[in-house]
Amino acid sequence: MMGVRGAQLHAPEADVSQLLTDSRSLVLPAETLFFALPTSQDQGGQRYVNPLYDRGVRSFVVETMDGIDTRVRQHANILLVDNVLDALQDLATEHRMQFDIPIIGITGTRGKTTVKEWLYQLLLDDYHIVRSPRSFNSQIGVPLSLWDIDEDTTLAIIEAGISRPGEMARLHSMIRPTMGVVTNIAPEPEDDFGNDMDSKAAEKAKILYNCQSIVYRADDQGVRRAIKPLLDESDEAPIDIIAWSKTDPTKELYVQVVSIENRCTTIDYTYQGMHHLLTLPMTDAMDVNNAITCLAVLLNLNVEPDVIAERMMRLTPLGTRINVIEGVNECTIITDEYPNDFVTLTPAINFMMRRAGNRRTAVILSDLNPENVEPEVLYSRVRSLLRAKQIDRFYGIGPEMCRYQELFDTLPEKRFFASTTQFLAEMAQGDFDDETVLVKGGAEFEFGQILDMLEAKQHQTVEEIDLNALAHNFKFFKSQVKPTTRTIAMVKASGYGTGSYEVAKTLQDRGADYLAVAVQDEGVQLRKAGITMPIIVLNPMVINYKSLFTLRLEPEVYSLDMCRQLIKEGARYQTGSPLPIHIKVDTGMHRLGFTLDQLPELIEVLQDQDVVQPASVFSHLSVADVPSEDEYTQLQFDTFDKCAALLRRHYPGLPRHILNTAGIVRFPEHQMEMVRIGIGLYGMRTLDDHSEDALQPVATLQSVIISIKEWPAGTTIGYGRKGVLTRDSRIATVPIGYADGLDRHYGNGAISMWAGGKRCPTVGNVCMDAVMIDVTDADVKVGDHVEVFGRHISVDELARVRGTISYEVLTSVSRRVKRVYYRE
């Protein structure tokens, strides 16, 4: 390991088998080496050294000894290095070089994880395989993946993902693949390449340096152009090249689609002069392309065509989502769609533990997919993981779970069932109460039945919240400000209708400095759910001063009367340091806040007490998103500067914030010490100049078709006979109405919904619980999904129809609509 400046080795008995970069993922403390990676937030990983020592970790890699307790310095192994990330990558490189085995390195814009997982399924009978867990493909994820290689490994499959120039060289130096695979190249809003696909392809293609063989799709022009010069300048050209194509019969692997029927795709492929037919159990175009990439890899590894054909039919669509759902009896239900094996179980449990906080936990798990170890060893690992994570209750389902149930005797509470049917017969909703439950099972166990029992809401209309998109949008706004500028994430109105806790938890994990809610009750709920970060309460009408002070909720103060009342009541409940407050000044919104001439009296009141302490001064911009009103916005800035300057004379360094979502993008010179990120977090654009085009929609409101009927022209549809058909039509009924938040103004063709890849207009009036849409031109059937808003139908489009703003559309979705939170 290079860059070591010093070493203190006081725990020579420590045997490192685990590398850790996230303190929340700790499993085996005594065998863990923790890398204290720096971040932009405070001390980063450094601040977790002392708590991890208390939990049993004895080995650390750090860049500084600052903040490390004396007891840790005297009893732990500490490596002092120049750069912790470099040290992690150096260690992974040294570890990888100990093994002379084939390693498949996979890169591309989309399909990396699917190809990796399918190759694992297809080659499991031939190799002892180590693969990247989930999407561990980053500068941190790759070294953690490589560390899993051991003396039993005969093949490794490693993902490599990049977001900016120069990253692939570092990944390649660690992975050193013997086979390189490029899936495809496409724009990604979260990377630094923009629309420069040639540069992106060239960077990704660096994974192929010095590979013995490469696989890529020749129909992808960007990939093809990037690979040619790379091969020319490589020290040693690849031994085997398999470029597959659907259009060029001269390529090494030429593929033609023969038929698509019965949910299968049959292809005719030519390889080494021989024709073969292959049936794939899928019809989605992206899935088919990923399967063909897997085919090329298997052919390169000399797997016989008849064996490939048999194994391909076992493939199942890959789920990559973890969902969070409201459960019965105040439970939170977490479902994991990844393949059900031990590699994916650990991150699923880690995710659950982060969401559980101090609540009880339960795991419902089916038999795991077969792996290259004896079942007794496999289920012993499961038991050890459950014990290390201190899972309160465990339910094992399946014949293998029952066969090895004695291995789980040391768990505090466990039950085993031969089948899902037996579980449902012996368990009831009342058996689960106020706990976080992970449900993870193989497709053959049909755990959907268990979810039906545990879900609090069975409504077919669902609002899906994409936590990855939320994190991406937060990262976008963070990139617009200086690293030292703190961020306040707005989660008022229950996260703009998306639900506050999961949104708040994600933002807390991503490094937001503050949350802001509208009313005290929202703050109380977040505290009870386990949110520990600072919370500002905007527009508070305080009634329960005890909870305000006890839970350390930081109120906005906008009037002298309010300030005096807060001080008077707070004196009864204050314990410890004064409660932080945030002083609001009115610079032009003319809604709430102190004017400049009121501030001297406020200062006098504040300096005569020790119950509260100013934590910031702020104001609201009223027209930051209206360029024609920039003169007025400048007046607001000027007024705010005067107010803040007066307060800072008495409270030096008092943080200031005035920029909202639009202001962050348009007026970065006024970011000061803090900024507030609001509707932009949820993917809503506040500007029309394309400056926010990188934002991704967070919420998708969708339902299903419950009925389709054919009616002749002239038929009337719905209440009041308002919908009159002008042609013979197929009319679908969708169970979403104005009681769910679908405004009645959206009926009679005012909006369209997305179904079967088509825009389908509404027909007739919107009912309380249903709406009808015209699906004459769409290939749909009963049970198909319908998008009300999301990636195809924007919230802004619905807002324009209603003559309102996107805020109102988002916050109007009824609470009876089930929220499902997910991340890839």
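Notes on the structure follow.

Rules behind the numbers
- Residues numbered from 1 in each chain as written.
- Predicted model: local features only at pLDDT ≥ 70, side-chain atom pairs only at ≥ 80, totals over all residues.
- Heavy atoms only, no water.
- Helix = DSSP H or I, 4+ residues; strand = E, 2+ residues; numbered from the N terminus.
- Rg over C-alpha atoms; globule rule 2.2 N^0.38 Å.
- Contact = heavy atoms within 4.5 Å.
- Lys, Arg positive; Asp, Glu negative; His and termini not counted.
- Charge placed at Lys NZ, Arg CZ, Asp CG, Glu CD.
- Core = buried A, V, L, I, M, F, W, Y, C linked by side-chain atoms within 4.5 Å.
- Buried < 20%, exposed > 50% of the residue type's maximum accessible area, 1.4 Å probe, protein only.
- Salt bridge = Lys/Arg side-chain N within 4 Å of Asp/Glu carboxyl O.
- Polar contact = N/O pair within 3.5 Å; in protein donor to acceptor, adjacent residues only side chain to side chain.
- Arc of directions from axis to C-beta.
- Pairing = 2+ DSSP bridges.

### Regarding the overall build of the chain
- Of the regular secondary structure elements, the chain holds 26 helices and 39 strands.
- Here the C-alpha atoms of the chain give a radius of gyration of 29 Å, agreeing with the 28 Å that 2.2 N^0.38 yields for 824 residues.
- With the principal axes as the frame, the chain shows a C-alpha extent of 90 × 85 × 60 Å.
- Within the chain, counting contacts between residues at least 6 apart in sequence, those at least 24 apart form 66% of the total.
- Charged side chains of the chain number 83 positive and 113 negative; the gap between the two group centres comes to 4 Å.

### A short note on the nonpolar core
- Among the nonpolar cores identified, the biggest contains 139 residues, and F408, L507 and L515 are the most heavily contacted of them.
- Sequence-distant contacts of F408, that is, excluding residues within four places in its chain, are made with Y379, V382, R383, L386, F394, M401, K414 and F416.
- Membership of the second largest hydrophobic core comes to 39 residues, among which are M282, I292, L295 and M312.

### A word on the pattern of salt bridges
- Scanning the entire structure with this criterion turns up 43 salt bridges.
- For the salt bridge of R71 with D54, the shortest nitrogen-to-oxygen distance reads 2.6 Å. Remark: D54 occurs in helix α1 (residues 49-54) and R71 occurs in helix α2 (residues 70-75); sequence separation between them is 17 residues.
- A relative accessible area of 54% places D54 in the exposed class.
- Here R355 makes a salt bridge to E502, at a shortest N to O gap of 2.5 Å. One end of the pair, R355, is in helix α11 (residues 342-356); the other, E502, is in helix α18 (residues 500-510), with 147 residues separating them in the sequence.

### Structural notes on the side chain of T183
- Looking at the element boundaries, T183 is found in the loop between β9 (179-182) and α7 (197-204).
- At a separation of 2.8 Å, a polar atom in the side chain of T183 contacts the main-chain carbonyl oxygen of R110.

### Describing α7
- Those residues of α7 lying buried are M197, K200, A201, E203 and K204. Axial view of α7: buried residues confined to an arc of 160 degrees, hence all on one face.

### Focus on the environment of D630
- Structurally, D630 can be placed in helix α23 (residues 630-650).
- Those residues in contact with D630 that lie beyond four places of it in its chain are R666 and F667.
- At a separation of 2.7 Å, a polar atom in the side chain of D630 contacts the side chain of R666.

### Overview of the pairing of strand β11 (residues 240-245)
- Taken together, the five bridges between strand β10 (residues 213-217) and β11 define a ladder with parallel strand orientation. Bridge pairing in β11 places Y216 opposite A243.
- The pairing of β11 with strand β12 (residues 253-261) spans two bridges and is parallel. By the bridge assignment, S245 is partnered in β12 with Y254.

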